[in-house]
Each structure stands twice: as structure tokens, then as C-alpha cells.
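Listed below, chain by chain, are the residues.
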Amino acid sequence: MAQLNGFKKPMDGNSGAQGGSSNGQPVANMGAGVDGENWDEEKLEEAMKRLKEMHIQLRNLRTTIPRLIAPLTAKQPSPESLFREFSKSTNTANQEVLQFRKLWGEEETQKVLERARKSRKENPNDIKPWRAIDHPNWLIRDE
């Protein structure tokens, strides 16, 4: 396994045949966390799951306002119905925002983000931008 940005990923035939990263740094040096603790593969996998969940939630928040005002754009049979549907959409939007804010504010999330910042600062080379086309199932939550 090679590490890039502090996260382990399987090595392909072209990278680090001697167990190092693609920029020549030994994997062992990249395993230390922000607070000096060593992150094992299980902890890195959990961090990736957390980041994926945050990404999915954040992506879904992009449609919050259109979904919020949808009842206002559709013809409703009565003012009471309009109020009821708008109230439902408001509550749903509020819950989604609160859920994301809760996840964002958790101590573990901040540790993961700080680790990523530190790793990027210490090892800025060979960081490829993430592209959804390379990960067609990115929006599917892992069970």
C-alpha cells in the first residue's frame, strides 16, 4: 500500500515499487497524524468514509433552496395546503443543514481535515484533483 496525502491506497505497477510514496518519501514517515499519532489503515478508511459522507451531504445541500421553494412554485389547492407543504420543505431543509453542521463540527471531522491540511502542506507534490468521472459511485453511501 502506498500513501498519498496521508491516506493509503493500493499501489499500481508504476509507483513506488519499494513501498514508498510516488514522491520518494517512505510510507512510514507519512503515517504520523497531526497530533503525532500513527493512523493505521482502519483509521484511514474511517476518515475516508467520513469525508465521503460529508461530500454527499454537501452535494445534496446544493439543491436545498430549489427544494425549499418548490411548494411556492406549484399550484396548491388551498392556502392551507400551500402553508403545509412549505412548512414541510422548510423543516426538511433545516434538518439537512443541521445534520451537515453537526457532522462538520464533530471533533473527529476536524482531526481528519487538519490531518489532510498538514499532509498537503508537507507533501504538496503528486496531488491529483478529485474528479467525479473517475469515481462513478461516489454518491452511493457505503453501508
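Conventions we followed
Residues numbered from 1 in each chain as written. Predicted model: local features only at pLDDT ≥ 70, side-chain atom pairs only at ≥ 80, totals over all residues. Heavy atoms only, no water. Helix = DSSP H or I, 4+ residues; strand = E, 2+ residues; numbered from the N terminus. Buried < 20%, exposed > 50% of the residue type's maximum accessible area, 1.4 Å probe, protein only. Axes fitted to C-alpha atoms, helices over the stretch in contact; angles between N-to-C directions. Contact = heavy atoms within 4.5 Å. Nonpolar A, V, L, I, M, F, W, Y, C, P; charged D, E, K, R; others polar. Phe/Tyr/Trp six-rings, centres within 6.5 Å; stacked < 30°, edge-to-face > 60°. Lys NZ or Arg CZ within 6 Å of the ring centre and 35° of its normal. Parallel < 35°, antiparallel > 145°, perpendicular 65-115°, else oblique. Patch = residues over 30% accessible without salt bridge, like charges linked within 9 Å, V, L, I, M, F, W, Y side chains within 5 Å. Areas by Shrake-Rupley, 256 points an atom, 1.4 Å probe, with all protein chains shown as cover. Salt bridge = Lys/Arg side-chain N within 4 Å of Asp/Glu carboxyl O. Lys, Arg positive; Asp, Glu negative; His and termini not counted. Charge placed at Lys NZ, Arg CZ, Asp CG, Glu CD. Expected span 1.5 Å × (residues − 1).

*Asks:* Quick one: what's the story with the overall build of the protein, residue by residue and with numbers?
*Replies:* Broken down by element type, the protein carries five helices and two strands. Listed by position from the N terminus, the elements making up the protein come as β-β-α-α-α-α-α. For the protein, with 143 residues in total, the buried portion stands at 24%.

*Asks:* Can you break down the environment of Phe83 residue by residue, with the values?
*Replies:* Within the element layout of this structure, Phe83 appears in helix H4 (residues 79-105). In sequence terms Phe83 and Leu72 are 11 residues apart; their C-alpha atoms lie 9.0 Å from each other.

*Asks:* How would you explain the packing of H4 against helix H5 (residues 107-122) if you had to name every residue and give the values?
*Replies:* At a minimum axis distance of 5 Å, the contact between H4 and H5 shows a crossing angle of 65 degrees. Of the residues in H5, those touching H4 at Leu103, Trp104 and Gly105 are Glu107, Thr109, Gln110 and Leu113. A breakdown of the residues in the contact of H4 with H5 according to their chemical character gives three nonpolar, three polar and one charged.

*Asks:* So what's going on with the packing of aromatic side chains? Residues and values would help.
*Replies:* On inspection of all chains with the given rule, the structure shows two aromatic pairs. Seen from their ring centres, Trp130 and Trp138 are 5.7 Å apart, and the 85 degrees between their planes marks the pair as edge-to-face. Of the residues examined, Trp130 reaches a relative accessible area of 44% and is grouped as partly exposed. The buried category is assigned to Trp138, whose relative accessible area is 16%. Its guanidinium or amino end placed over the ring of Trp39, Arg115 lies 4.4 Å from that ring's centre, counting from NZ or CZ.

*Asks:* A description of unusual backbone geometry should follow, citing residues and the corresponding values.
*Replies:* You will see that Asp126, though not glycine, has its phi angle at about 65 degrees, which is positive. Relative to the helices and strands, Asp126 resides in the segment after H5.

*Asks:* Which residues make up the packing of helix H3 (residues 64-73) against H4, and what are the values?
*Replies:* With their axes 7 Å apart at the nearest point, H3 and H4 run at an angle of 170 degrees to one another. In terms of their interaxial angle, H3 and H4 are classed as roughly antiparallel. From H3, Thr64, Arg67, Leu68, Pro71 and Leu72 reach across to H4, where they touch Leu82, Glu85, Phe86, Ser89, Thr90, Ala93 and Glu96.

*Asks:* Can you lay out a negative patch on the surface for me, pointing to particular residues and giving the numbers?
*Replies:* Among the surface-exposed residues, Asp40, Glu41, Glu42 and Glu45 lie close enough to one another that they form a single negatively charged patch. Positionally, Glu41 belongs in helix H2 (residues 41-61). A relative accessible area of 36% places Glu41 in the partly exposed class.

*Asks:* Tell me what's going on with the pattern of salt bridges, and back it up with residues and numbers.
*Replies:* Overall, the coordinates contain nine salt bridges when judged by the stated rule. A salt bridge links Glu46 to Lys49, with the shortest nitrogen-to-oxygen separation between them at 3.9 Å. Separated by three residues within a single helix, Glu46 and Lys49 lie in helix H2, roughly one turn from each other. On the accessibility criterion, Glu46 (46% relative accessible area) is partly exposed. Measuring nitrogen to oxygen at the nearest pair gives 3.3 Å for the salt bridge that ties Lys88 to Glu85.

*Asks:* Could you give an account of H4, naming the residues involved and the relevant values?
*Replies:* With 27 residues, H4 extends 38 Å between its outermost C-alpha atoms, agreeing within 8% with the 39 Å of an ideal straight helix rising 1.5 Å per residue. For H4, the complete set of buried residues consists of Ser81, Ser89, Ala93, Phe100 and Leu103. Check the buried side of H4 and you find it contacts H2, H3 and H5.

Nothing here speaks to function; it is geometry throughout.
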